[in-house]
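Overview (structure and organization)
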Amino acid sequence: MSISYKTPASFSGFSCLGGDCEDTCCRNWEVKLDRQHYELVKNAMLSNEHDKAVFDNSIYLNGRSIVSDHDFSFVRMREDGFCSMLDSKGLCSIHAKFGISTLGDVCTMYPRVVSRCGDTFELSGALSCPEVVRRCIDAKNPLKLKRFKPAELPRSNNYPIQRELSQLDDDFYSQHFSMVRDAIMAMMANDEYDFETRLYLITNLANKVSDFYHRGCDKSAGGQLDVVLSAYAERGFISKLDMFIKDYDAGSPISLLVTHSVLSIKLQQASTENISLLYNDLIQFYCHSNENIPEMLTVKVNNIIKELDFNQQQYIEQSLTRYILNCLYREWFVTMPDPFTYMQMLLVRISILRTLIYLDVGRDSGLNTKELEKKIVYVMYNFARNIDQNLEFLKVVYNALSEQNMMNFDFSPAFIRI
Ligand code: SF4
């Protein structure tokens, strides 16, 4: 079998900014330490009493009921949110004392994510890194892939593989993943249509195919998949969806109700995280009472969108499109029971992110492109860090939506027309 190595062109040649980065990856983070490196660090630090005490205070075992080698243990963060392994100069003490080979998979590879899709190794970048966000949102051709060499990775062999596609012959869901993902990404990237139309198109498609294309489906889904994918590429059909979503009126601010609830939970759980601080500032700025915050913010967001300069609006939508394409490429909908479940969660995540970006941009008039980019990058990487790549938190959101019966296509337009 010939193996290929692919990465989005925008991520090709990525290198960490190190001391020039506006943030650090060692703060307010759940840093996993895989089993192999747990043992290596432990053995290296047993050699003297001081290091042993640091190890005992800084590393703890994963106490959850289901634990894999990948999330075997964690590095504790200090009260101020920084990694407890940082030395007095703010540098990683494990790296400094024992070298890169002792560092855990996450610390070595971040923000790189490698997955294996059949005979292709896919490398992508996590959007919790501001430099990845900058490269992603300014990508000239967001669908273009380039070859990468494993030798370019921080660890050129034995690098962690985030996920691997099942190679079972009878796994129809996995076998057709690449084809369906490519079709969805091409629809999302097609900026001939409005941003909301494209979002509605891919959600509508995910909902339609999920009837017969899901985990455990049988091979008879093959013919239906081809028919549906061709129908969703027809202009006349897309125009109908375009008209529907443009005329849609949820009647009540469903999207802002969910956004406000999610961000309020975040504020309660982690009031010092950047996304909590930002949301708190936005509420103080826009809301002069605590009553009906979702309604007040809905009016503000709609006014901001109406009054926004055309080029700024285009730039925000282009950035969001590229954020979504990064998620579709890196996260893999096949990790969910069906494409619609993944897509509905993605819609909710994007509606929160959009709301934060518009509210933040709306506080300043006359932003130039550089200033606008800076704001978008800040909101995106902090949103990814604190909410979007926090799987435990997303599970809470998913359970709450399910309890309210909102993991349902009837609610999808409300998360698109924010
Ligand atoms: S956030 Fe990204 S650019 Fe910044 S230090 Fe971490 S990996 Fe490097």
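Residues numbered from 1 in each chain as written. Predicted model: local features only at pLDDT ≥ 70, side-chain atom pairs only at ≥ 80, totals over all residues.

1. Observations regarding the overall build of the protein
Which entries qualify depends on this criterion: A run of H or I in DSSP becomes a helix once it reaches four residues, and a run of E becomes a strand once it reaches two; helices and strands are each numbered from the N terminus. Within these notes, the globule rule equals 2.2 Å times the number of residues to the 0.38 power, and the radius of gyration is based on C-alpha atoms. Burial is judged by counting the other C-beta atoms within 10 Å of a residue's own C-beta: 20 or more makes it buried, 12 or fewer makes it exposed, and any count in between marks it as partly exposed, with every C-beta position built from the backbone. Any pair of residues counts as being in contact when their C-beta atoms, constructed from backbone geometry, are within 7 Å of one another.
Summing up its helical and strand segments, the protein has 18 helices and seven strands in all. In terms of overall size, the protein behaves like a compact globule, its C-alpha atoms giving a radius of gyration of 22 Å where 418 residues would be expected to give roughly 22 Å. Considering the protein as a whole, with its 418 residues, one finds that 36% of them fall into the buried category. Here the contacts in the protein between residues at least 6 apart in sequence split such that 75% fall between residues at least 24 apart.

2. Here's the deal with the packing of helix H7 (residues 177–189) against helix H8 (residues 195–210)
Keep this limit in mind: With axes taken as lines fitted to C-alpha atoms, and helix axes fitted only over the stretch in contact, angles between N-to-C directions fall between 0 and 180 degrees. For this classification, under 35 degrees means roughly parallel, over 145 means roughly antiparallel, 65 to 115 means roughly perpendicular, and everything else is oblique. Left-handed describes a crossing in which the near helix is turned anticlockwise from the far one by less than a right angle; the clockwise case is right-handed. Gly is put with the polar residues, along with every residue not named as nonpolar or charged; the nonpolar set is Ala, Val, Leu, Ile, Met, Phe, Trp, Tyr, Cys and Pro, and the charged set is Asp, Glu, Lys and Arg.
Put simply, H7 and H8 touch, their axes get as near as 8 Å, and they point 155° apart. It follows from the interaxial angle that H7 and H8 lie roughly antiparallel. Of the two elements, H7 crosses H8, and the hand of that crossing is right-handed. Each of Val 180, Ile 184, Met 187 and Met 188 in H7 lies in contact with H8, whose residues at this interface are Arg 198, Leu 201, Ile 202, Leu 205 and Val 209. Of the residues that constitute the contact of H7 with H8, the class distribution is eight nonpolar, no polar and one charged.

3. Remarks on the site of the ligand
Put simply, the test is: Each residue receives a C-beta atom built from its backbone; the residue is near a molecule or strand if that atom lies within 6 Å of it.
Within the structure, the ligand sits among Cys 16, Leu 17, Cys 21, Asp 23, Thr 24, Cys 25, Tyr 110, Pro 111, Cys 129, Pro 130 and Glu 131. Its residues assigned to classes, the shell around the ligand comprises eight nonpolar, one polar and two charged.

4. Observations regarding the nonpolar core
In plain terms, the rule: Note on terminology: a nonpolar core is any set of buried Ala, Val, Leu, Ile, Met, Phe, Trp, Tyr and Cys residues joined through C-beta atoms within 7 Å.
Grouped together as the largest cluster of nonpolar side chains are 99 residues, with contacts concentrated most on Leu 127, Ile 202 and Met 380. For this core, the element with the most residues is helix H15 (residues 339–361), which contributes 14 residues. Beyond its immediate sequence surroundings of up to four residues, Ile 202 is in contact with Ile 184, Met 187, Met 188 and Met 343.

5. Some remarks on the environment of His 95
Here His 95 shows up in helix H3 (residues 93–98). For His 95, a count of 16 C-beta atoms within 10 Å translates into the label partly exposed. Discounting residues that sit within four places of it in the chain, His 95 has contacts with Ile 100 and Leu 103.

6. Some points on the sheet that holds strand E2 (residues 31–33)
Backbone hydrogen bonds hold the strands of a sheet together, and the pairing may be parallel or antiparallel. Note the cut-off: Two strands pair under a simple rule: DSSP has to find at least two bridges between them.
The three strands lie next to each other as E2-E4-E3, forming an open sheet whose pairing is antiparallel. At either margin of the open sheet sits one strand with a lone partner, and together these are E2 and strand E3 (59–61). Going from strand to strand, the sheet's axes swing by 35° on average, the running direction of each strand aside. Taken together, the three bridges between E2 and strand E4 (residues 73–75) define a ladder with antiparallel strand orientation. The residue bridging Lys 32 from the neighbouring strand is Phe 74, located in E4. Against the sheet, helix H1 (residues 35–45) touches E2, E3 and E4, its axis set at about 80° to E2.

7. Focus on the sheet that holds strand E6 (residues 120–125)
Strand order in the open sheet formed by four strands is E5-E6-E1-E7, with mixed pairing between adjacent strands. At either margin of the open sheet sits one strand with a lone partner, and together these are strand E5 (112–117) and strand E7 (145–147). Averaged over all pairs of adjacent strands, the angle between strand axes in this sheet comes to 30°, irrespective of strand direction. Summarising the sheet, E5 and E6 pair through six bridges and their orientation is antiparallel.

8. Structural notes on unusual backbone geometry
Following Tyr 110, the chain continues into Pro 111 via a peptide bond in cis, with omega recorded as 5°. Looking at the element boundaries, Pro 111 is found in the loop between helix H4 (105–109) and E5. The backbone of Asn 158 sits at a positive phi, close to 55°, despite the residue not being glycine. Relative to the helices and strands, Asn 158 is located in the loop between E7 and helix H6 (172–175).

9. Digging into helix H14 (residues 310–331)
For clarity, the cut-off: Expected helix span is taken as 1.5 Å per residue step, with the number of steps being one fewer than the number of residues.
Between its first and last C-alpha, H14 extends 31 Å over 22 residues, near the 32 Å set by a 1.5 Å rise per residue. Immediately beyond the C-terminal end of H14, within one or two residues, lies Trp 332, with a positive phi of roughly 70°.

10. Things to note about the environment of Ser 319
Along the polypeptide, Ser 319 turns up in helix H14. A sequence separation of 125 residues divides Ser 319 from Asp 194, and the C-alpha atoms of the two residues are 14 Å apart.

11. A few points about the pairing of E6
Of all six residues in E6, five are buried, a share of seventy percent or more. Bridging between strand E1 (residues 4–8) and E6 involves three bridges; their strand directions are parallel. Bridged to Ser 4 within E6 is Thr 120. Between E5 and the antiparallel strand that follows it, E6, lie two residues; Gly 118 among them carries a positive phi value of about 65°.

12. Brief notes about the pairing of E1
Each regular strand carries side chains that alternate between the two faces of the sheet. Direction of pairing for E1 relative to E7: antiparallel, over a ladder of three bridges. In the strand pairing of E7, Lys 6 is matched with Arg 147.

13. Details of helix H17 (residues 391–403)
Between its first and last C-alpha, H17 extends 18 Å over 13 residues, near the 18 Å set by a 1.5 Å rise per residue. Positive backbone phi, at 60°, marks Asn 405, one or two positions downstream of H17.

14. Side note on the packing of H8 against H15
Two elements in contact, H8 and H15, have axes separated by 7 Å at closest approach and are oriented at 155°. Considering their axes alone, H8 and H15 lie roughly antiparallel with respect to each other. Between H8 and H15 lies a crossing whose hand is left-handed. Contacts between H8 and H15 pair Leu 199, Ile 202, Thr 203, Ala 206, Asn 207, Val 209 and Ser 210 from the former with Pro 339, Phe 340, Met 343 and Leu 347 from the latter. A per-class count over the contact of H8 with H15 returns eight nonpolar, three polar and no charged.

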